[in-house]
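Here is how the chains run, residue by residue.
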Amino acid sequence: MKLGVNIDHIAVLREARRVPDPDVLDALAICKRAGAEQITFHLREDRRHMQDSDIEKIIALSALPTNMECAIAPEMIDIACRLKPHRVTLVPEKREEITTEGGLVVVGSQPRLKEAIKRLHDAEIEVSLFIDPTQEAIEASKDLEAEWIEFHTGKYANIYGMLYSNWKNTKYAIDELDLSRKELKKIYKDELKNLVELSYNALELGLRVAAGHGLNYQNVKAIAKIDVIEELNIGQSIIARSVYTGLERAILDMKSLIND
């Protein structure tokens, strides 16, 4: 299973003080040396962390394949087609959200999405769709001719956090998951089973499968055991750990858990 390191949160640290440090480019060689297989980054329409100049340099200088996450807005597709990352992962985006809250809407008539995918393919860029783990979304992704899907694992991660960590006793507790341990164990088991089954279903349809969002050093092992998932894209937890251990050690630790 491959690891894509999402380096957005390095830019989050930089933008918190509006100073040119830390430099996201410094991460490229460290990620490669630590065994990461991909550099992932999200250029948001509001430019809250990554800037255009960042991604231009990353795509030009990275020795590893690059995976650009972006919305289907024409401006974003223009940038991707001009810079030509190895892959573009199309994601939903809301200005008011703190992080990506769910999967891309792919079911039903999606003319803007179809046009975005066509433009990317014409530019010889692989396309991945960041989707909620449902059978309908998988089938729609196949119909849209995407090469990849990436399952949004936020629900899985939230259930795990409320069941197996101290989230319940913090201000980050999730109200809708304020349930008994018995109930949480059941929905955790159901969600993990759903991810396993849908991963195999996607493979049978000819889709390549990735996963990401909310994955960390505590919850990643169960997802890493799903052998048809080829790749995990993980950012916040790796960058958070790197504050204490350094980025190379943080990546090595995650790689060890994934490949255990």
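Residues numbered from 1 in each chain as written. Predicted model: local features only at pLDDT ≥ 70, side-chain atom pairs only at ≥ 80, totals over all residues. Heavy atoms only, no water.

**Concerning the layout of surface pockets**
What counts, and what does not: A cavity here means a set of 1 Å grid points, computed over protein atoms only, where a 1.4 Å probe fits but cannot escape. A pocket is an open set with protein on both sides within 12 Å along at least 5 of 7 lines, and lining residues have an atom within 4 Å of a point. Grid points are joined across faces, edges and corners, and a volume is the space filled by probe spheres set on the points. Charged means Asp, Glu, Lys or Arg here, nonpolar means Ala, Val, Leu, Ile, Met, Phe, Trp, Tyr, Cys or Pro, and polar covers whatever is left, Gly included.
The computed volume of the second largest pocket comes to approximately 190 Å³. Forming the walls of the second largest pocket are Ile 10, Leu 13, Pro 22, Asp 23, Asp 26, Ala 27, Ile 30, Ile 239, Ser 242, Val 243 and Leu 247. Residue classes in the lining of the second largest pocket are distributed as eight nonpolar, one polar and two charged.

**Concerning the packing of helix 2 (residues 26-33) against helix 11 (residues 247-258)**
Rules: All axes here are fitted lines through C-alpha atoms, helices being fitted over the stretch that makes contact, and every angle between N-to-C directions spans 0 to 180 degrees. In this description a helix means any DSSP run of H or I spanning at least four residues, a strand means any run of E spanning at least two, and both kinds are numbered starting from the N terminus. Roughly parallel means an angle under 35 degrees; roughly antiparallel means over 145; roughly perpendicular covers 65 to 115; every other angle is labelled oblique. Should the near helix be turned anticlockwise from the far one by less than a right angle, the crossing is left-handed, and should it be turned clockwise, the crossing is right-handed. The contact criterion used is simple: two residues touch if any of their non-hydrogen atoms lie within 4.5 Å.
The N-to-C vectors of helix 2 and helix 11 enclose an angle of 40 degrees; their axes lie 9 Å apart at closest approach. Considering their axes alone, helix 2 and helix 11 lie oblique with respect to each other. The crossing of helix 2 and helix 11 is right-handed. Residues Ala 27, Ile 30, Cys 31 and Arg 33 of helix 2 form the contact with helix 11, whose own contacting residues are Leu 247, Glu 248 and Ile 251. Per-class residue counts for the contact of helix 2 with helix 11 are five nonpolar, no polar and two charged.

**Focus on the sheet that holds strand 5 (residues 126-131)**
Where we set the bar: Between any two strands, at least two bridges found by DSSP are needed for them to pair.
Taking strand neighbours around the barrel as the criterion, the eight strands line up as 1-2-3-4-5-6-7-8 in a closed arrangement whose pairing is parallel. Each strand axis lies, on average, 25 degrees off the axis of its neighbour in the sheet, ignoring direction. Bridge count between strand 3 (residues 66-70) and strand 4 (residues 87-90): four bridges; the pairing is parallel. Among the inter-strand pairings, Glu 69 is bridged to a residue of strand 4, identified as Thr 89. In this fold helix 6 (residues 135-143) packs onto strand 5 and strand 6 (148-152), with an angle of close to 160 degrees to the strand it touches most, strand 5.

**As for the side chain of Asn 6**
Rules: Only protein chains enter the accessibility calculation, which uses a 1.4 Å probe; a residue is then buried when its area is under 20% of its type maximum, exposed when over 50%, and partly exposed in between. We define a polar contact as two N or O atoms separated by no more than 3.5 Å, with the added condition that, inside protein, one atom must be a possible hydrogen donor and the other a possible acceptor, whereas residues neighbouring each other in sequence contribute only through side-chain atom pairs.
In this fold, Asn 6 is placed in strand 1 (residues 2-6). For Asn 6, a relative accessible area of 10% gives the class buried. There is a polar contact of 3.0 Å between the side chain of Asn 6 and the backbone nitrogen of Asp 8. In this structure, Asn 6 is in contact with Thr 40, Phe 41, Glu 69, Ile 234, Gly 235 and Ile 239, ignoring residues within four places of it in sequence.

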